[in-house]
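Spelled out from the first residue to the last, the chains are:
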Amino acid sequence: MNSLEENYETGVLHLWLNNIEGINLKHIAHLKKNLGNVWNIHSAGKAVLTELLSEELAESIQRNKNLDYARRLYDKLLDKGITILYPEHSYYPVKLKNIHFPPQLLYIKGKREKLKKLNNTSVGVVGSRNPSTYGREIGRYFTGELADKDINIISGFARGIDSVSHKAALDKEGFTVAVLGSGINVVYPAQNIELYKQIEEEGLIMSEYGMDFQAAKWTFPIRNRIISGLSDGILVVEARAKSGSLITVDHGLEQGRQIYAIPGRIMDKSCEGTNNLIKQGAMCVNAPEDIIEDLLGEEYKEKERINNDLTELTPQEAKIIDCLGLEPVYIDDIIQRTCLGITKTISILYMLEEKRRIRQPVRGYYILQI
Amino acid sequence: MFSKVISSAVLGVDGTRISVEADVNDGLPMFTMVGYLSSSVKEAGERVRTALKNSGYHMPPKRITINLSPADIRKEGSGFDLPIALAVLLALGITSQIDMDKTVVIGELGLDGNLKPVTGVLPRVYHCIKNGITNCIVPEENVKEAALAPGMKVYGFHTLKEVVEFIQGSNRIPPVINDMADFTATETEDGLDFADVKGQVTLKRGMEIGAAGFHNILMTGAAGAGKSMLAKRLPTIMPRLTFEECIDITKIYSIRGLLDNNNVLITKRPFRAPHHTISNHGLVGGGVAPAPGEITLAHNGVLFLDELPEFSKNALEVLRQPLEDRYISISRVNSSYIFPADFMLVAAMNQCPCGNYPNLGKCTCTPNEIRRYQGRISGPLMDRIDITMEVKPIPYKELFVEGSEEKSQVIRERVESARERQQHRYKDENILFNSQLEGSLIKKYITLGHDEENMFKDIFRQMELSARGIHRIIKLARTIADLEGADHIRTGHIMEATFFRNSGKMYDKEMGI
């Protein structure tokens, strides 16, 4: 079987099989189990197929034995630099093989040599599409630290936490995989086009769906099993009680992945989901080191999380740092608390921003930089 | 017999001299009026004939011809009734004891011979006094307005009969003269003051800078921050009006008939806040005979556009030219009219349709909705705004805290001295304020030290600004330095300018609080 693994024709046959109307991945898995490989499926007679599938589907395969369309499609994919992976492929991630319904065909954009990395330790990051500034900052911080330890960051390319985690990983020159709920060529959400290009360059973009397949409501939950499948652990940053992120968590639990949840305030609706997870037994993480220790077995070192070092600051700067946190504070409130006057306050804020101690998530509002 | 009476018409915001000529001759009894008249002036014929009869003057069955010259100017409005009536009477042979060549006559007549007030008296009378006409006859209600023209001898009357007796010399009344020597722009006390608004130090500071350098301002943020309240008080920190400015404003309001008869001279900077349903003609002026629009009414004052994205796209686009040129020119088939429009634009808007962004906990809009909403403000319009500020609603508990807020008077003194510095600096140029600085003038008037130069380089790189964006920051920094009385821009000024800058984009990718 090995000799059949990665040649052109095998690819064509996989494309052929996956594009037959009515044939889904359950059918393909079933056929492969009984007939061994795609070559045998293609050469199987109607009688054999009818034994394994319904008459209708067997008929459908018989009728579509011509490979011209699949060849043209494969040429086009190769032309666009899109790789396809199927379970028999040597680069197919081992972790994915062991999940329920592993994808029978994965379209991948990115550099081929990066494919090996898929088997490294990975964390899937999920969370709200409309996170609070706090959630965003914490998500960025956790993901950044994980990426710094060469842990792969897997996420779903959606707005909010997904995008934040991809960006944070890229910022730390880490490896990130975006698993799309749409076709591999579809940039959704469209404003993430820059991110898309960057991930294509430095990470991998992956989808179960063909080139220009438009995302539908049902594709995202199905896609989530790949995110959890590729990961060794799943980090839930900020999720509401009925968040879609929890679907990924469910898949992860089924697949035996560790669940990490970042705790939030109990009355805060935006972290109700994560808090519930902790109640149900997810691992409560309040530092990225918790995850690193759990996954890599590295020694936990107590570390100052936010740069609280006030010594290198002037007393006035320290005064301002003192009234900031991860919740945005409006400039008027800073002026009121520090009594420094507007002109003075603005210049100190400017200096602190320059020193990367604080940030303005929105004009006029400030938070500490972590 | 021939006679001539001087009157005046309004063109744009200025008066122009009109001669009303009458001729009474033998022939078929007729009353003919010529001279490019609008229908409201043509109707004057009927009013004059009836008013003359009811005032006790007999109209002989003769051929009467009236001409209003120059004949190439279209005459509008009702102010010609009285001069026509007088011209007819003079042509019929009553004798005048006063010099009709030095007297301008304006007024509308009722059928009973009573005089009625008209609009636009000040620009007409003002034009006349500049051209050597020293007496004026107006309806009693217009006397105060006419008397604003310095040196004009104003005579006010209630009826046509009184006017005729006056020119015949049998009814001598003293003229009202205003020499304006004692003019000080004492503002009528309406109780508005910056101190009325609690807190909002940043917003107040932004407005102070805006007022000092005539920078246009855009405020964003949820409702309840006091945006409209402060905008309304902005005129109280702007420099006091000079007499010439007062006259300019009063002329405009006179044309629109918006003068208060008790307080004719407008001594307060205008604050105009048109509703967002306004048409573009309502905003910039228009009509068959163009009348000034809101931007002209806001001349020398503040034009406040609340809910900016709700204004029609057209209305906002027509603002571009007047924001640049500080006047609006409206062309019609027969002539083109120029209205002054030197106003400070203050706009306010929510960042999203639901009004709660950047409070992500409350905002229900999608990023696309927010982007579309903010996209309604076109780039060229944004380019003309120097200051943008995000404001935060005041929490309820802070509303009742007793604090010592700065009075408008104190802020105004700083603004006035900053303006003086600018006027002194730009005395050789065609500009008055920092906000009007353009490319070559920036090079000429603004020199940066080594530190400051480096700071701008950093800002340019970090904030991904356009050249235009950097210029806006430089102009703002110049104003802030002027407020402080500094000759050179220092790093502190640049920092503050950067804070108030118009970054050109409001919606920071997916961010909120």
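Per chain, residues are indexed from 1 in the order of the written sequence. Here the convention is simple: chains get letters from A, ligands get numbers from 1, in the order in which they are written. With the structure being a predicted model, the display of local features is reserved for residues of pLDDT at least 70 and the display and counting of side-chain atom pairs for 80 or more, all residues being used for whole-chain, interface and lining totals. Hydrogens and water molecules were not included; the side-chain quantities draw on all heavy atoms of the structure.

Would you explain the overall build of chain A in this entry?
Only DSSP runs of H or I reaching four residues or more are called helices, and only runs of E reaching two or more are called strands; each is numbered from the N terminus. A count of helical and extended segments in chain A gives 17 helices and twelve strands. With a 1.4 Å probe rolled over the protein chains alone, any residue whose accessible area is under 20% of its type maximum counts as buried; one over 50% counts as exposed, and the rest are partly exposed. A total of 370 residues make up chain A; the buried ones form 55% of that total. Only heavy atoms matter for contacts: two residues are in contact if any of them lie within 4.5 Å across the pair. In chain A, of all internal contacts separated by at least 6 residues, the share reaching a separation of at least 24 is 70%. Carbon and sulfur atoms make up 49% of the accessible area of chain A, which totals about 16700 Å². Averaged over its 46 positive side-chain charges, chain A has a centre that lies 3 Å from the centre of its 49 negative ones. Computed with a 1.4 Å probe, the accessible areas rest on the Shrake-Rupley method; for each residue, only the protein chains presented here act as cover. The sign given to each residue is positive for Lys and Arg and negative for Asp and Glu; His and the chain ends receive no count. Where a charge lies is defined by one atom per residue type, namely NZ (Lys), CZ (Arg), CG (Asp) and CD (Glu).

When you look at the side chain of B:S3 in this model, what are you seeing that I'm missing?
Residue and element names in this part refer to chain B. Topologically, S3 is positioned in strand β1 (residues 2-11). By relative accessible area, which is 6% here, S3 ends up buried. We call two N or O atoms a polar contact when they sit within 3.5 Å, provided that within protein one can donate a hydrogen and the other can accept it, with sequence-adjacent residues counted only if both atoms are side-chain atoms. Polar contacts involving the side chain of S3 include one to the main-chain carbonyl oxygen of A87, which spans 2.6 Å. In this structure S3 touches V20, E21, A22, A87, L90 and A91, once residues within four positions along its chain are discounted.

So what exactly am I meant to see when it comes to the packing of helix α7 (residues 201-213) of chain B against helix α19 (residues 467-484) of chain B here?
Think of two packed helices as two axes; the pair is described by the angle between the axes and how far apart they sit. Residues and elements named next belong to chain B. Lines fitted to C-alpha atoms define the axes here, with helix axes fitted over just the stretch in contact, and angles between the N-to-C directions of these axes take values from 0 to 180 degrees. Where α7 contacts α19, the axes come no closer than 9 Å and their chain directions differ by 95°. Considering their axes alone, α7 and α19 lie roughly perpendicular with respect to each other. Together, R205, E208, I209, A212 and G213 of α7 and L476, T479, I480 and L483 of α19 make up the contact between the two elements. Split by residue class, the contact of α7 with α19 holds five nonpolar, two polar and two charged. Orientation is classified from the angle alone, with under 35 degrees giving roughly parallel, over 145 giving roughly antiparallel, 65 to 115 giving roughly perpendicular, and any other angle giving oblique. Note on residue categories: nonpolar means Ala, Val, Leu, Ile, Met, Phe, Trp, Tyr, Cys or Pro, charged means Asp, Glu, Lys or Arg, and polar means any other residue, Gly included.

Whenever I open this one, the sheet that holds strand β14 (residues 302-306) of chain B confuses me. Can you help?
Residue and element names in this part refer to chain B. Strand order in this open sheet of five strands is β11-β14-β17-β10-β18, and the pairing throughout is parallel. At either end of the open sheet lies a strand with only one pairing partner, and these are β11 (271-272) and β18 (387-390). Strands in contact with α7 are β10 (217-220), β17 (344-349) and β18; relative to β18, the strand with the most contacts, it is inclined by about 170°. Should DSSP find at least two bridges between two strands, the strands are regarded as paired.

Could you clarify how one ought to interpret the environment of A:I247 in this entry?
Residues and elements named next belong to chain A. As for its placement among the helices and strands, I247 is situated in helix α12 (residues 245-254). You can call I247 partly exposed: its relative accessible area is 32%. In this structure the C-alpha to C-alpha distance between I247 and Y74, which are 173 residues apart in sequence, comes to 33 Å. Not counting chain neighbours up to four residues away, the residues in contact with I247 comprise P221 and N224.

Help me understand the pairing of strand β2 (residues 106-110) of chain A, please; the structure alone is not making it clear to me.
Side-chain positions along a regular strand alternate between the two faces of the sheet. Residue and element names in this part refer to chain A. Most of β2 is tucked away, with five of its five residues classed as buried. Going residue by residue along β2, you find L106, I108 and G110 tucked away on one face and Y107 and K109 tucked away on the opposite face as well. Bridging between strand β1 (residues 82-85) and β2 involves four bridges; their strand directions are antiparallel. Paired with T83 across the bridge in β2 is I108. Relative to strand β6 (residues 204-207), β2 runs antiparallel, the two being bridged by four bridges.

Looking at this structure, how should I read unusual backbone geometry?
Leaving glycine aside, a negative phi is the common case for residues, and trans is the common case for peptide bonds. For the peptide bond that leads from A:Y188 to A:P189, omega is 0°, which places it in the cis range. Its place among the elements puts A:P189 in the loop between β5 (176-179) and α10 (193-202). Cis peptide bonds are those with omega within 30 degrees of zero, and the linkage from B:S69 to B:P70 qualifies with 0°. In this structure, B:P70 sits in the loop between β4 (63-69) and α3 (81-92). Positive phi, close to 55°, is recorded for A:E173, a residue that is not glycine. Tracing the chain through its elements places A:E173 in the loop between α9 (161-171) and β5. For A:E173, a relative accessible area of 71% translates into the label exposed.

I'm lost on the pattern of salt bridges in this one. Help?
Proximity of charged atoms lets side chains of opposite charge pair with each other. Salt bridges are defined as contacts in which a side-chain nitrogen from Lys or Arg sits within 4 Å of a carboxyl oxygen from Asp or Glu. Taken as a whole, this structure holds 37 salt bridges over all chains when the rule is applied. Residues A:R140 and A:E137 are paired through a salt bridge, measuring 3.4 Å at the closest nitrogen-oxygen approach. Of this pair, A:R140 and A:E137 both sit in helix α8 (residues 133-148), separated by three residues, roughly a single helical turn. Looking at A:E137, the relative accessible area reads 2%, which means it is buried. Notably, a salt bridge pairs A:D333 with B:K392, separated by 2.6 Å at the nearest N-O pair. One end of the pair, A:D333, is in helix α16 (residues 331-338); the other, B:K392, is in the loop between β18 and α16 (408-425), on a second chain. Overall, A:D333 belongs to the buried group, its relative accessible area being 12%. Taking relative accessible area as the criterion, B:K392 reaches 22% and is therefore assigned partly exposed. Linked by salt bridges that have partners in common, B:R205, B:E208, B:E406, B:R414 and B:E496 make up one network.

I keep staring at the environment of B:L192 and nothing clicks. Help me out?
Residues and elements named next belong to chain B. Relative to the elements of secondary structure, L192 occurs in the loop between α6 (160-168) and α7. Given the relative accessible area of 22%, L192 is considered partly exposed. When the C-alpha atoms of L192 and K232 are compared, they prove to be 8.2 Å apart, with 40 residues separating the residues in sequence.

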